[in-house]
Amino acid sequence: MEQRDRRPEVRVRRADQPGDLGWVVMAHGESYHRQFGWDTDFEALVARIVADYAADHDPRTEAAWIAEVEGERAGCVFLVAGDAPGVAKLRILLVAPEARGLGLGRLLVGECLTFARGAGYERVTLWTNDVLASARHIYEAVGFTLADEERHHSFGHDLVGQNWVLDLPRAG
């Protein structure tokens, strides 16, 4: 009997279970250190983002998601209110290296943008670094455009930070 390749079970759910927020911090710290050699300053940044979300998010306008593969956490993304009315920020997108190629990044960003539209946001912004090429491809594919970039030294490396913007069409 011929054995067929079985596509793994993938699902995206809200980050609302015990351990989800801690996993987000740990997975970012470990993954970015392994891939790029980033130091614990990056993990501390992610921890601050997660702590701010956990302490004070409005569930009508802010949310976080976990992607699972075969029931195991494999990715995440957050959407939080931006600095101006009608503007949201896409934050801390991550797909674990072992889960790449399954479309998790696209699913997570799609969930984020669907929520942003439903919450009434007119624009979504994000900050990333130019070395994160796979994430950048996802952002470009859904319509984000590069607004500006700036060299900086962070996480133990010289990097190029990038700000991206997506205007959401108004309903009606």
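### Some remarks on the environment of D41
Mapping D41 onto the fold places it in helix 2 (residues 40-56). Along the chain, D41 and H28 lie 13 residues apart, while their C-alpha atoms are 11 Å from each other.

### Some words on the pairing of strand 4 (residues 87-95)
Counting buried residues along strand 4, seven of its nine residues qualify, which places the element largely inside the surrounding structure. Pairing between strand 3 (residues 72-81) and strand 4: six bridges, direction antiparallel. Counted as the bridge partner of A81 is A88 from strand 4. The turn joining strand 3 and strand 4, which pair antiparallel and follow one another in sequence, is formed by five residues; a positive phi near 80° is taken by G86. At this point the chain moves from strand 4, through helix 3 (residues 104-118), to the parallel strand 5 (residues 123-129), and the crossover so formed is right-handed.

### Describing the nonpolar core
Nonpolar side chains tend to gather and get buried jointly when the protein is soluble and globular. By size, the foremost hydrophobic cluster in this structure holds 51 residues, and its most contacted members are V24, L79, L90, V124 and F144. Of the residues forming this core, the biggest block, seven residues, is contributed by helix 3.

### Comments concerning helix 4 (residues 133-141)
Among all positions of helix 4, only A135, R136 and Y139 are buried. On an axial view of helix 4, the arc spanned by its buried residues comes to 100°, and they lie on one face. Helix 4 presents S134, H137 and A141 as exposed residues on the side facing more than 90 degrees away from its buried surface. On its buried side, helix 4 packs onto strand 4, helix 3, strand 5 and strand 7 (157-167). Positioned one or two residues after helix 4, G143 has a phi angle of 110°, which is positive.

### Topic: helix 1 (residues 20-36)
Because each turn of an α-helix spans 3.6 residues, side chains separated by three or four positions end up pointing in the same direction. Look at helix 1: 23 Å from first C-alpha to last across 17 residues, which is about the 24 Å you get at 1.5 Å a residue. Close packing links the buried residues of helix 1 with strand 1 (10-14), helix 2, strand 2 (63-69), strand 3 and strand 4. Trailing helix 1 by a residue or two, G37 shows a phi angle of about 75°, which is positive.

### As for the sheet that holds strand 2
Read across the sheet, seven strands follow the order 1-2-3-4-5-7-6 without closing on themselves; strand pairing throughout is mixed. The sheet is open, and its two borders are formed by strand 1 and strand 6 (145-154), each paired with just one other strand. The sheet shows a mean angle of 20° between the axes of neighbouring strands, direction not considered. Against the sheet, helix 2 touches strand 2, strand 3, strand 4 and strand 5, its axis set at about 125° to strand 4.

### Let's talk about the pairing of strand 5
With five of its seven residues buried, strand 5 lies for the most part within the structure. Strand direction decides the pairing type here: strand 4 and strand 5, joined by three bridges, are parallel. If you follow V87 over to strand 5, its bridge partner there is R123. Taken together, the seven bridges between strand 5 and strand 7 define a ladder with antiparallel strand orientation. Bridge pairing links T128 to Q162 in strand 7.

Reading the values: the criteria
Residues numbered from 1 in each chain as written. Predicted model: local features only at pLDDT ≥ 70, side-chain atom pairs only at ≥ 80, totals over all residues. Heavy atoms only, no water. Helix = DSSP H or I, 4+ residues; strand = E, 2+ residues; numbered from the N terminus. Buried < 20%, exposed > 50% of the residue type's maximum accessible area, 1.4 Å probe, protein only. Pairing = 2+ DSSP bridges. Right-handed = clockwise from strand over helix to strand, strands pointing away. Core = buried A, V, L, I, M, F, W, Y, C linked by side-chain atoms within 4.5 Å. Arc of directions from axis to C-beta. Contact = heavy atoms within 4.5 Å. Expected span 1.5 Å × (residues − 1). Axes fitted to C-alpha atoms, helices over the stretch in contact; angles between N-to-C directions.

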